[in-house]
Amino acid sequence: MTNSKGNPSTLLAVFKYLLPYKFRMIVAATALIVTALATLSLGKGIEAIIDQGFGSNDPAKLTDSITTLLIISGIIAIGTFVRFYYISWLGERVSADLRKAVFANLVYLHPGYFESNRPGEIMSRLTTDTTLLQTIIGSWLSLALRSTLTLAGALVMMFITNLKLSLIITASVPMVFLPILVFGRRVRKLSSSSQESVASVGSYAGEIFQQIKVVQSHLQEKFEIKAFDGEVEKAFEIARRRVRQRALLVCVAMIMLFGGFAGMMSAGGHDVISGEMTAGELGSFVFYAIMVGSGFATLSEVWGEIQRAAGAAERLLELLDASSNISNSKHDIKNSSEGQLTFSNISFYYPSRPTKLALNEFNLDIKTGTSLALVGPSGGGKSTVFELLQRFYDPSKGLIFLNNTDIKKMSLQSLRSEIALVPQQPVLFTADVRYNIAYGKPNATENEVISAAKAAHAHEFINQLPDGYSSYLGEQGVRLSGGQKQRVALARAILNDPKILLLDEATSALDSESEQAVQLALKDMMQNRTTIIIAHRLSTILHVDKIAVIDKGSVVATGSHSELIKSNQLYSRLAQIQFREGQDLAVKENSA
Ligand SMILES: Nc1ncnc2c1ncn2[C@@H]1O[C@H](COP(=O)(O)OP(=O)(O)OP(=O)(O)O)[C@@H](O)[C@H]1O
Ligand SMILES: [Mg+2]
């Protein structure tokens, strides 16, 4: 997937990222041209050493020509340093800039984008594809330019040095290079599939280690070892075929090259003997012929690399071009200290499931500073209401108003800064406690963080962690229990001090005792704040101002607990079951 090829013309779009570095490009290009010219003149230097140095029997001339040769070599060495440094620098810089640009575009995208594009795939584009571009620009591109220059120059010099020999060589070039090209292509193909199979070995192992508890509890270690062995053997077999082709390639190349060399020496040698050409001319001719040959070889290899780079560029540009489905208005709404919410005739289906309405003609009104509970069967659409309110998705039909303003007409920033959510599955970052609590307000003082934690009844357990607020929580907070994670998420919401508080089963993972404590804290928090609570346990919502019963994407009834018990069948059934469970439990405990 990462190795697939693309149309080289897409690479032009990447050159835009080189433009800010014009000066470095000019330096690199100058160094490239100077070294190429100096390398080309080496041939003439060799000719001079042979013909004027040895040939003239004059030691002074020999010294002269050797000095010239040394100076040229010095120029080549310095030029190569400059060229290598600046071009590699450009490659690294462009790949770093691209990475930043892609990431900066992706973080603003609508969440639905990451449902239809696997995050793993996006991550691999961000790393593998940018790295590929970096090596292409940093080394292969410079190689391509240098080879083209020296190839063209060497070709010209070859013909100038000896026309007859050049014609012979030109005629035999296809014979020599065709077999090499064929083997070269096979090697390249196998080496890219070898890379892929190694990557799949890695991802296989990665998944197993992540699910290690499932594997061990089902006693599937032996099975996994066997399956992994299979993956490794597959990779080995591909690698073996690649190595074989490569060995053959070297063998064929040797035969062809030395054969060609012998032919050239024999034709040229006869001319030297018959006096048609000097030994120095033959020497420099051989030098140029070798340069032409290696130039061809490099270019054919570079071409494959450039196609791969184009594939990588295409995938990156796709990420750069992706735009959010959620329009962002420039209109910042001033803090009005109000939190009046209206859902008006909302219908909505998730983009990944266009056949099923998650909300269907949903209507609801929530007055400033009041609390409302959403209850109803699982899958009814309760969490979806929160998603729409935060504009992670936009409704297919209908409008949502905050203080009588259509939320689509507010900037995302001014909408979202009014809202804090404690999600159904609290999400923590791989960092310490303090970072996680202060995530929405990075400049919060230590005191603010601690009092938010206290309000969420998290302070006590945080203090018992090895490093208190600086305790590292492991990847996605694995080192905390479900209830502890929930309380950290709650503290985060409290610290944000929002006008609108959204709680999605925020206390579902707590034991009765901490739940009661957190409920008390929430009661404080809910004062002067518009709060929507989603809860399965009705006991947790008895103190809210209003309850809305949600079923199959619609509000089927609203009222207080006692009203709904009488008026709504669904609600009274839910209440009955929970009430009975409570009683059963009490009976069991008593009889135990
Ligand atoms: N990201 C999504 N893509 C596609 N469908 C979804 C997505 N999220 C939820 N749904 C579907 O939308 C419907 C409403 O889901 P929602 O999460 O709002 O239910 P809920 O009332 O919160 O349920 P629960 O009480 O179990 O949390 C369900 O049928 C669910 O399968
Ligand atoms: Mg839900």
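Residues numbered from 1 in each chain as written. Chains lettered and ligands numbered in written order. Predicted model: local features only at pLDDT ≥ 70, side-chain atom pairs only at ≥ 80, totals over all residues.

## What about the overall build of the chain?
Now for step 1: Counting secondary structure elements, the chain contains 18 helices and 10 strands.
Now for step 2: Scaling as 2.2 N^0.38, a compact globule of 592 residues should have a C-alpha radius of gyration of about 25 Å, whereas the chain reaches 36 Å, well beyond that.
Now for step 3: Taken along its principal axes, the extent of the C-alpha atoms in the chain is 120 × 60 × 50 Å.
Now for step 4: A total of 592 residues make up the chain; the buried ones form 30% of that total. (Helix = DSSP H or I, 4+ residues; strand = E, 2+ residues; numbered from the N terminus. Rg over C-alpha atoms; globule rule 2.2 N^0.38 Å. Buried ≥ 20, exposed ≤ 12 C-beta atoms within 10 Å, placed from the backbone.)

## Some thoughts on the sheet that holds strand β7 (residues 500-504)
Now for step 1: Spatially, β6-β7-β8-β3-β9-β10 is the arrangement adopted by the six strands of the open sheet, whose pairing is mixed. If you trace the sheet from one side to the other, it starts and ends with β6 (419-422) and β10 (554-559), each paired once. Between one strand axis and the next, the sheet turns through 20° on average, direction left out of account.
Now for step 2: Sheet analysis places β7 next to strand β8 (residues 530-534), joined by five bridges and oriented parallel. Bridged to Leu 502 within β8 is Ile 532. (Pairing = 2+ DSSP bridges. Axes fitted to C-alpha atoms, helices over the stretch in contact; angles between N-to-C directions.)

## A few points about the site of ligand 1
Now for step 1: What surrounds ligand 1 is a group of 13 residues, the closest being Tyr 350, Ser 378, Lys 382, Ser 383 and Thr 384.
Now for step 2: Among the elements that line the shell around ligand 1, the one with the most residues is helix α10 (residues 382-389), at three residues.
Now for step 3: Considered class by class, the residues forming the shell around ligand 1 number two nonpolar, eight polar and three charged. (Near = placed C-beta within 6 Å. Nonpolar A, V, L, I, M, F, W, Y, C, P; charged D, E, K, R; others polar.)

## Re the pairing of β10
Now for step 1: Pairing geometry for strand β9 (residues 546-551) and β10, over five bridges, is antiparallel. Each bridged residue has a counterpart across the sheet, and for Val 549 the counterpart in β10 is Ala 557.
Now for step 2: The loop that links β9 with its antiparallel partner β10 comprises two residues; one of these, Lys 552, has a positive phi angle of about 50°.

## Focus on helix α5 (residues 119-161)
Along an α-helix, a turn takes 3.6 residues, which lines up residues three or four apart on a common side.
Now for step 1: Taking 1.5 Å of rise per residue, 43 residues should cover 63 Å, and α5 covers 59 Å from first to last C-alpha, within 8% of that figure.
Now for step 2: If you look at α5, its biggest bend is around 35°, right at Ile 137. (Expected span 1.5 Å × (residues − 1). Bend = angle between axes of the 7 residues up to and from the residue.)

## Structural notes on the pairing of strand β4 (residues 397-402)
Now for step 1: Where strand β1 (residues 341-348) and β4 come together, five bridges link them in antiparallel fashion. When the bridges of β4 are listed, Leu 341 appears paired with Leu 402.
Now for step 2: Where β4 lies against strand β5 (residues 405-406), two bridges are found, and the strand directions are antiparallel. Within β5, the residue paired with Leu 402 across the bridge is Thr 405.
Now for step 3: The turn joining β4 and β5, which pair antiparallel and follow one another in sequence, is formed by two residues; a positive phi near 50° is taken by Asn 403.

## Some thoughts on the packing of helix α2 (residues 22-54) against α5
Now for step 1: As a packed pair, α2 and α5 sit with axes 10 Å apart at the nearest point and diverge in direction by 35°. With respect to the hand of their crossing, α2 and α5 are arranged in right-handed fashion. For the pair α2 and α5, the contacting residues are Leu 32, Ile 33, Ala 36, Thr 39, Leu 40 and Gly 43 in the first and Ser 142, Leu 145, Arg 146, Leu 149, Thr 150, Gly 153, Ala 154 and Met 157 in the second. (Left-handed = near helix turned anticlockwise from the far one by under 90°. Contact = placed C-beta atoms within 7 Å.)

## Things to note about the domain arrangement of the chain
Now for step 1: With domains assigned, the chain is organised as domain 1 (1-161 + 305-324) and domain 2 (341-591).
Now for step 2: For domain 1 versus domain 2, the separation of C-alpha centres amounts to 55 Å.
Now for step 3: If you look at the interface, domain 1 gives five residues, while domain 2 gives four residues. (Domains from an automatic or database assignment.)

## Quick word on the sheet that holds β5
Now for step 1: Across the sheet, four strands lie side by side as β2-β1-β4-β5; this open sheet has antiparallel pairing. Looking at which strands have only one partner, the edges of the open sheet turn out to be β2 (359-366) and β5.
Now for step 2: Pairing of β1 with β2 involves five bridges; the strand directions are antiparallel. Bridged to Phe 348 within β2 is Leu 359.

## So, the environment of Ala 489
Now for step 1: Residue placement: Ala 489 occurs in helix α15 (residues 482-496).
Now for step 2: You can call Ala 489 buried: it has 26 C-beta atoms within 10 Å.
Now for step 3: Remark: the alpha-carbon pair of Ala 489 and Val 250, spanning 239 residues in sequence, is separated by 62 Å.
Now for step 4: Apart from residues lying up to four places away in sequence, Ala 489 is in contact with Val 422, Pro 423 and Pro 426.

## A closer look at the environment of Thr 278
Now for step 1: By secondary structure assignment, the location of Thr 278 is in the loop between α8 (221-273) and α9 (279-321).
Now for step 2: For Thr 278, a count of 15 C-beta atoms within 10 Å gives the class partly exposed.
Now for step 3: Residues Thr 278 and Gly 55, spaced 223 residues apart in sequence, show a C-alpha to C-alpha distance of 9.4 Å.
Now for step 4: Residue contacts for Thr 278: discarding those within four places in its chain leaves Asp 51 and Val 272.

## Structural notes on the packing of helix α3 (residues 59-106) against α5
The relative placement of two packed helices is expressed as an angle between their axes plus a distance between the axes.
Now for step 1: Where α3 meets α5, the axes come as close as 8 Å, and the angle between the chain directions of the two elements is 160°. Relative to α5, α3 is oriented roughly antiparallel. When the axes of α3 and α5 are compared, the crossing they make is right-handed. (Parallel < 35°, antiparallel > 145°, perpendicular 65-115°, else oblique.)

## Looking at helix α13 (residues 446-455)
Now for step 1: Taken as a whole, α13 has its buried residues at Val 449, Ile 450, Ala 452, Ala 453 and Ala 455.
Now for step 2: Of the residues one or two after α13, His 457 is the one with positive phi, at around 55°.

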